[in-house]
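Residue-level listing of the chains:
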Amino acid sequence: MDHQHDQVLVVTPGDRRPGPGTPGMDRQEAFATEGTWSGFVRTEAGMVSGWHHHGAYESVIYVLTGALKMEFGPDGSQTVDAGPGDFIYVPKGAVHRESNPTGVPADIIVVRAGSGQSTFNVEGPAAG
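Reference entry: report on the structure contained in this document. Keep in mind the model is a prediction, meaning the values are calculated, not measured.

Thresholds applied
- Residues numbered from 1 in each chain as written.
- Predicted model: local features only at pLDDT ≥ 70, side-chain atom pairs only at ≥ 80, totals over all residues.
- Heavy atoms only, no water.
- Helix = DSSP H or I, 4+ residues; strand = E, 2+ residues; numbered from the N terminus.
- Rg over C-alpha atoms; globule rule 2.2 N^0.38 Å.
- Buried < 20%, exposed > 50% of the residue type's maximum accessible area, 1.4 Å probe, protein only.
- Contact = heavy atoms within 4.5 Å.
- Lys, Arg positive; Asp, Glu negative; His and termini not counted.
- Charge placed at Lys NZ, Arg CZ, Asp CG, Glu CD.
- Core = buried A, V, L, I, M, F, W, Y, C linked by side-chain atoms within 4.5 Å.
- Salt bridge = Lys/Arg side-chain N within 4 Å of Asp/Glu carboxyl O.
- Pairing = 2+ DSSP bridges.

## Describing the overall build of the protein chain
What the protein chain contains, in helices and strands, is zero helices and 11 strands. Along the chain direction, N to C, the helices and strands of the protein chain fall in the order β-β-β-β-β-β-β-β-β-β-β. Computed over the C-alpha atoms, the radius of gyration of the protein chain is 15 Å, within 12% of the 14 Å expected from 2.2 N^0.38 for a compact globule of 128 residues. Overall, the protein chain is about 50 × 30 × 25 Å in size when its C-alpha atoms are taken along their principal axes. Sorting the 128 residues of the protein chain into buried and exposed places 36% on the buried side. When contacts within the protein chain are restricted to residue pairs at least 6 apart in sequence, those whose partners lie at least 24 apart make up 70%. Computed over 8 positive and 15 negative side-chain charges, the separation of the two mean positions in the protein chain equals 3 Å.

In structure tokens, the structure reads:
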């Protein structure tokens, strides 16, 4: 029996690895297993990310500091806004982009459940 998988692990800020890249976002990977991805993301003040989706992963985002605006839906016509203490749910395959409409950096925690590649950068959302 492989007991290595029974270990409880800690990843410190210095141990985080660069996560999958999307323009405008600094993703730092904490854990990537067969069924989950988790990490820390910083978005700078005024940043607007590139359009992307997370394939077969559903995502839960927790906003630590700053603000997060997310555009999604046909032509990117739908939006949600979140601030410190808010959770956001992003379904599998939902094309979206994130922005930080404030004058200070925003920090979020992301946990994804699914499998396969966790980030796909795309040209934009489907037309409405």
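## Observations regarding the nonpolar core
The biggest cluster of nonpolar side chains holds 14 residues, and the ones touching the most others in it are Ile61, Leu68, Met70, Ile88, Ile108 and Val110. Those elements that place two or more of their residues in this core are strand S3 (36-43), strand S5 (58-65), strand S6 (68-72), strand S8 (87-90) and strand S10 (106-113). In contact with Met70, other than residues within four places in its own chain, are Ile61, Gln78, Thr79, Val80, Ile88, Val90, His96, Arg97 and Glu98.

## Some points on unusual backbone geometry
In this model, Asp75 sits at a positive phi of 55°, which is unusual for a non-glycine residue. With respect to the helices and strands, Asp75 occurs in the loop between S6 and strand S7 (78-82). By relative accessible area, which is 52% here, Asp75 ends up exposed.

## A word on the pattern of salt bridges
Taken as a whole and judged by the stated rule, the model has three salt bridges. Across the pair Glu29 and Arg17 runs a salt bridge whose closest N-O atoms are separated by 2.7 Å. Remark: Arg17 occurs in strand S1 (residues 17-18) and Glu29 occurs in strand S2 (residues 26-32); sequence separation between them is 12 residues. We classify Glu29 as buried; its relative accessible area is 14%. Given a relative accessible area of 40%, Arg17 falls into the partly exposed group.

## Details of the pairing of S10
Judged from the eight bridges that link them, S3 and S10 form a sheet pairing that is antiparallel. From the neighbouring strand, Phe40 faces S10, where its bridge partner is Ile109. Note: S5 against S10, seven bridges, orientation antiparallel. Residue pairing across strands places Ser59 opposite Arg112, the latter belonging to S10.

## Digging into the environment of Ser115
With respect to the helices and strands, Ser115 occurs in the loop between S10 and strand S11 (120-121). The class of Ser115 is partly exposed, set by a relative accessible area of 43%. Counting along the chain gives 52 residues from Ser115 to Val63, while the straight-line C-alpha distance between them is 24 Å. Apart from residues no more than four positions distant in its own chain, Ser115 is found in contact with Glu34, Ala56 and Tyr57.

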